[in-house]
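# Topology and contacts: notes
What follows is the residue order along each chain.
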Amino acid sequence: MATMLLSTHGTNGDVLPFVRIGRELAERGHDVIVMTHSWFADRIAAAGLRHLPIDTAEGYDRHLDDARRYMLDPLKDPEGVLALYRRNGLFELLADEVRMIEAHYRPGDTVVVARHTSGIAGLMAAELHGVPVALVSVTPHQYVSLPVLGNLFRRVLGQGYDEVFQSFGLRPVRDWAAYLTSARTQLALWPEWFDAAGQPAPEGVVRCGFVLGDTAEGPVPDWTEPPVLITGGTGQVLHDRFYDVAARACRRIGRRALLVNRHPAFQPESLPDGIEWTPSAPFASFMPRVAAVVHHGGIGTLARALSSSTPQVLLAHGVDRPDNAERLERAGVARWLPVSRWDEERTARLLARALDSAADGGYRERIAPLAADAASQDAVRLAADHAEALIGTDAIMKRPDPRERLARLTPRQRERLALMARARRGV
């Protein structure tokens, strides 16, 4: 039996897949500890796993509320992002997480499975002690956005990160894109077809498939007509108009809807007739029974809808959502609108088409192979297999040598790099 430290941050789509993988590892006899937000304590306990909280429930909600002003488009106000990190003690949290890993690390018998991008503590522990680390990406955007993210980490958040690294005797990171892809094992929680529908993940990344983390079930109302489900996920990084546009589109075509939203700040002042609100719902039970879903493009929601063969309309804006939406549309299984085209009429038209395709059976027949793939447990087992394969592979992680990367460049890439360097110098 090994100790499996699962480290993740974010909302349901970021945390619940780790809980599901943790349950698989626990069933194989490992001691699983989930390092994440206090808000998920009940979910983790229900899975029979140990929980190592990294904050308080109040602090988590406060951070979500604070983050929504900056994280939809962090480049619009980079100084605001730095202030967000300072205000919420995120640099101090990183140092605390490194110490948590150190406290639970047993050489040869411990593995860290960390969320890509935010799993910096795991990489630091690998540099300090040789802890084996698997980085897990929950959405392709975590790779797509690496150049921009690396620049943000270096130029905006660099001083804070430098202080943490230096406090542990590590040199500051200068190439964040390389550092965030330096783990020996990198897992992607989406399937090959979703990867191929957009910019693919880097070579060597294992595409496991979708991991459905929202496994909680519950009673389903006895609806006379299945409603449309409207959800913007569990976070607050959401456009203010999302719920209003979605609700009005349902009213326009005369369809009842169930609006699921736990954050009152996003609730329209008054909901149209026929729109029922609830703060939460067991999607594992509800999704197969609704007529369609209008959602924000979150990876967990789209995967659950795929597994249930539920028609989807996406109002996608911010972070990974437009990229997710484009991949679904290219695969022919959903329609979406960018925020510049959000209005009641366009959304209603897409929703009506989605409902019509479901009514004639065409959509469910077309999506059947993808639905079976999304509902499979193979992704969970594959991720757990790769985590287990790291047991006993302890070795001090060496950062990528920039000179080695330069040596691998093609002549054309070298020429472009030289042109960029001259442009920066104003030559």
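Figured I'd write up the structure that's included with this text.

Analysis parameters
- Residues numbered from 1 in each chain as written.
- Predicted model: local features only at pLDDT ≥ 70, side-chain atom pairs only at ≥ 80, totals over all residues.
- Heavy atoms only, no water.
- Helix = DSSP H or I, 4+ residues; strand = E, 2+ residues; numbered from the N terminus.
- Rg over C-alpha atoms; globule rule 2.2 N^0.38 Å.
- Buried < 20%, exposed > 50% of the residue type's maximum accessible area, 1.4 Å probe, protein only.
- Contact = heavy atoms within 4.5 Å.
- Areas by Shrake-Rupley, 256 points an atom, 1.4 Å probe, with all protein chains shown as cover.
- Lys, Arg positive; Asp, Glu negative; His and termini not counted.
- Charge placed at Lys NZ, Arg CZ, Asp CG, Glu CD.
- Pairing = 2+ DSSP bridges.
- Right-handed = clockwise from strand over helix to strand, strands pointing away.
- Axes fitted to C-alpha atoms, helices over the stretch in contact; angles between N-to-C directions.
- Core = buried A, V, L, I, M, F, W, Y, C linked by side-chain atoms within 4.5 Å.
- Phe/Tyr/Trp six-rings, centres within 6.5 Å; stacked < 30°, edge-to-face > 60°.
- Lys NZ or Arg CZ within 6 Å of the ring centre and 35° of its normal.
- Parallel < 35°, antiparallel > 145°, perpendicular 65-115°, else oblique.
- Left-handed = near helix turned anticlockwise from the far one by under 90°.
- Nonpolar A, V, L, I, M, F, W, Y, C, P; charged D, E, K, R; others polar.

### Structural notes on the overall build of the chain
The helix and strand inventory of the chain stands at 20 helices and 13 strands. Radius of gyration (C-alpha) of the chain: 22 Å, near the 22 Å computed for a compact globule of 427 residues. Once the C-alpha set of the chain is aligned to its principal axes, its extents read approximately 65 × 60 × 40 Å. Counting the 427 residues in the chain, one finds 53% classified as buried. Contacts spanning at least 24 positions in sequence make up 66% of the contacts within the chain whose residues lie at least 6 apart. Summed over all atoms, the accessible surface of the chain reaches about 19,000 Å², with 50% contributed by carbon and sulfur. Side chains of the chain give 51 positive and 52 negative charges; the mean places of these two sets differ by 6 Å.

### Some points on the sheet that holds strand 5 (residues 133-137)
Pairing in this open sheet of seven strands is parallel, and the strands run 3-2-1-4-5-6-7 from one edge to the other. With one partner strand each, in any of the chains shown, strand 3 (50-53) and strand 7 (206-207) form the two edges of the open sheet. Sheet topology places strand 1 (residues 3-7) next to strand 4 (residues 110-115); five bridges connect them, and they run parallel. Opposite Ser7, over in strand 4, you have Ala114 as the bridge partner.

### Thoughts on the pairing of strand 2 (residues 31-36)
In terms of residue burial, strand 2 counts as a mostly covered element, since six of its six residues are buried. Burial along strand 2 is two-sided: Asp31, Ile33 and Met35 facing one way and Val32, Val34 and Thr36 facing the other are all buried. Bridge count for strand 1 against strand 2 is five bridges, and the pairing is parallel. Bridge pairing in strand 2 places Leu5 opposite Ile33. Read from strand 1 through helix 1 (residues 12-27) to strand 2, the crossover connection turns out right-handed. Pairing of strand 2 with strand 3 involves four bridges; the strand directions are parallel. Residue pairing in the sheet places Ile33 in a bridge with Arg50 of strand 3. Between the parallel pair strand 2 and strand 3, the chain is carried across by helix 2 (residues 41-46), and the sense of this crossover is right-handed.

### A closer look at the sheet that holds strand 10 (residues 275-278)
In a beta sheet, neighbouring strands are held together by backbone hydrogen bonds and run either parallel or antiparallel to one another. An order of 10-9-8-11-12-13 is seen for the six strands of this open sheet, with the pairing classed as parallel. Where the open sheet ends on each side, the last strands, each with one partner, are strand 10 and strand 13 (335-337). Ignoring which end each strand starts from, the neighbouring axes of this sheet average 20° apart. Here strand 12 (residues 312-315) runs beside strand 13; their pairing, made up of three bridges, is parallel. Pairing of Leu315 across the sheet is with Leu337, part of strand 13.

### Points about the environment of Phe194
Along the chain, the position of Phe194 falls in helix 11 (residues 192-196). Note on Phe194: relative accessible area 0%, which makes it buried.

### Side note on unusual backbone geometry
The phi dihedral of Thr117 is positive, around 85°, even though this residue is not glycine. Relative to the elements of secondary structure, Thr117 occurs in the loop between strand 4 and helix 6 (120-129). In this structure Thr117 comes out as buried when scored by relative accessible area, which is 15%. Phi is positive for Val319, close to 40°, though the residue is something other than glycine. In this structure, Val319 sits in the loop between strand 12 and helix 15 (321-330).

### Overview of the nonpolar core
Among the nonpolar cores identified, the biggest contains 72 residues, and Ile120, Met124 and Phe210 are the most heavily contacted of them. The contacts of Phe210, once residues within four sequence positions are left out, are Leu189, Trp190, Pro191, Trp193, Phe194, Ile299, Leu302, Ala303, Leu306, Ala374 and Ala379. Among the nonpolar cores identified, the runner-up in size contains 32 residues, and Val34, Leu49, Cys208 and Ala383 belong to it.

### Comments concerning the packing of aromatic side chains
A ring pair, where both rings are aromatic, is described by two values, the distance of the centres and the angle of the planes. Applying the stated rule across the entire model yields 19 aromatic pairs. For the ring pair Tyr85 and Tyr161, a centre distance of 6.4 Å and an interplane angle of 75° mean the geometry is edge-to-face. A residue pair is termed long-range when its members are at least 10 positions apart, and Tyr85 in helix 4 (residues 78-87) and Tyr161 in helix 9 (residues 158-167) qualify at 76 residues. An identical accessibility class is assigned to Tyr85 and Tyr161; each is buried. Taken together, the ring pairs connect Tyr85, Phe91, Phe153, Tyr161, Phe165, Trp176 and Tyr179 into an aromatic cluster. Taking the ring centre of Phe194 as reference, the NZ or CZ of Arg327 above it sits at 5.8 Å.

### A short note on the packing of helix 5 (residues 90-104) against helix 6
Two numbers describe how helix 5 lies on helix 6: the axes approach to 9 Å, and their chain directions differ by 50°. Taken as axis vectors, helix 5 and helix 6 run oblique relative to one another. Of the two elements, helix 5 crosses helix 6, and the hand of that crossing is right-handed. Contacts between helix 5 and helix 6 pair Leu94, Glu97, Val98, Ile101 and Glu102 from the former with Ile120, Ala121, Gly122, Met124, Ala125, Leu128 and His129 from the latter. Class assignment of the residues belonging to the contact of helix 5 with helix 6 gives a composition of eight nonpolar, two polar and two charged.

Note that every value here comes from positions in space, so none of it alone points to a role or purpose.
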